[in-house]
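Below are the chains, spelled out letter by letter.
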Amino acid sequence: MEKIISVKTNNHAEIVDITSEIEHWVHETGIQDGILVVSSLHTTAGVTVNENADPDVKTDILMRLEEIFPWKHPKDRHMEGNTAAHLKAVTVGHQQSLIISAGKLLLGTWQGIYFCEFDGPRNRRCHLKLLEG
């Protein structure tokens, strides 16, 4: 089973919690056990699993990535001027694999699934693929 979800970002760099939308879809499928792959379909955005209790975690992640990969660097050659976004996406990664057990995503108490925008604002897509078994 597959689904594409839309993610609208409003800022240049932003981390969007997509957990509830994914959990809802997993529940709708009725699949009890399997693997869910969540994949960003973009070269300047990523997907991660991280803490969803304290919103400062998202702020800190974006701040530290910006420190490591500043938007403007004198040696960047990519003509679009978004080399930093590509580097951040490579660092975060474009997909996550998650276990489904007893009909639910197997996430830790404080974990959530996040779409990470590094070159927004944009309308983005996330591909979900459910493998039963």
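In short, a report on the structure. Keep in mind that this is a model prediction, so the values were computed, not measured.

Rules behind the numbers
- Residues numbered from 1 in each chain as written.
- Predicted model: local features only at pLDDT ≥ 70, side-chain atom pairs only at ≥ 80, totals over all residues.
- Heavy atoms only, no water.
- Patch = residues over 30% accessible without salt bridge, like charges linked within 9 Å, V, L, I, M, F, W, Y side chains within 5 Å.
- Areas by Shrake-Rupley, 256 points an atom, 1.4 Å probe, with all protein chains shown as cover.
- Salt bridge = Lys/Arg side-chain N within 4 Å of Asp/Glu carboxyl O.
- Helix = DSSP H or I, 4+ residues; strand = E, 2+ residues; numbered from the N terminus.
- Buried < 20%, exposed > 50% of the residue type's maximum accessible area, 1.4 Å probe, protein only.
- Pairing = 2+ DSSP bridges.
- Contact = heavy atoms within 4.5 Å.
- Axes fitted to C-alpha atoms, helices over the stretch in contact; angles between N-to-C directions.

### Quick notes on a nonpolar patch on the surface
Here is step 1: Among the surface-exposed residues, I35, I99, L106 and L131 lie close enough to one another that they form a single nonpolar patch of about 340 Å² accessible area.
Here is step 2: Residue placement: I35 occurs in strand β3 (residues 34-40).

### Some thoughts on unusual backbone geometry
Here is step 1: With an omega of 0°, the peptide bond running from G120 to P121 counts as cis.
Here is step 2: Position of P121 relative to the elements: it lies in the loop between β7 (111-117) and β8 (123-132).
Here is step 3: The phi dihedral of A102 is positive, around 55°, even though this residue is not glycine.
Here is step 4: Following the sequence through the fold, A102 ends up in the loop between β5 (95-101) and β6 (104-105).
Here is step 5: For A102, a relative accessible area of 56% corresponds to the exposed category.

### Points about the sheet that holds strand β1 (residues 2-8)
The pairing of strands in a sheet happens through backbone hydrogen bonds and is either parallel or antiparallel.
Here is step 1: With antiparallel pairing, the five strands of this open sheet are ordered in space as β1-β8-β3-β5-β6. Looking at which strands have only one partner, the edges of the open sheet turn out to be β1 and β6.
Here is step 2: Direction of pairing for β3 relative to β8: antiparallel, over a ladder of seven bridges. Looking at β8, one finds that L36 is bridged to L130.
Here is step 3: The strands touched by helix α1 (residues 19-29) within the sheet are β1, β3, β5, β6 and β8, with β1 carrying the most contacts at an inclination of about 160°.

### What about the pairing of β3?
Here is step 1: In terms of residue burial, β3 counts as a mostly covered element, since six of its seven residues are buried.
Here is step 2: In the sheet, β3 pairs with β5 via six bridges, with the strands oriented antiparallel. Counterpart to G34 in the pairing with β5 is I100.

### Examining helix α3 (residues 83-92)
For an α-helix the count is 3.6 residues per turn, leaving residues at separations of three or four pointing the same way.
Here is step 1: Among the residues making up α3, those that are buried are T83, A84, A85, K88 and A89.
Here is step 2: Count one or two residues on from α3 and you reach G93, which has phi positive near 95°.

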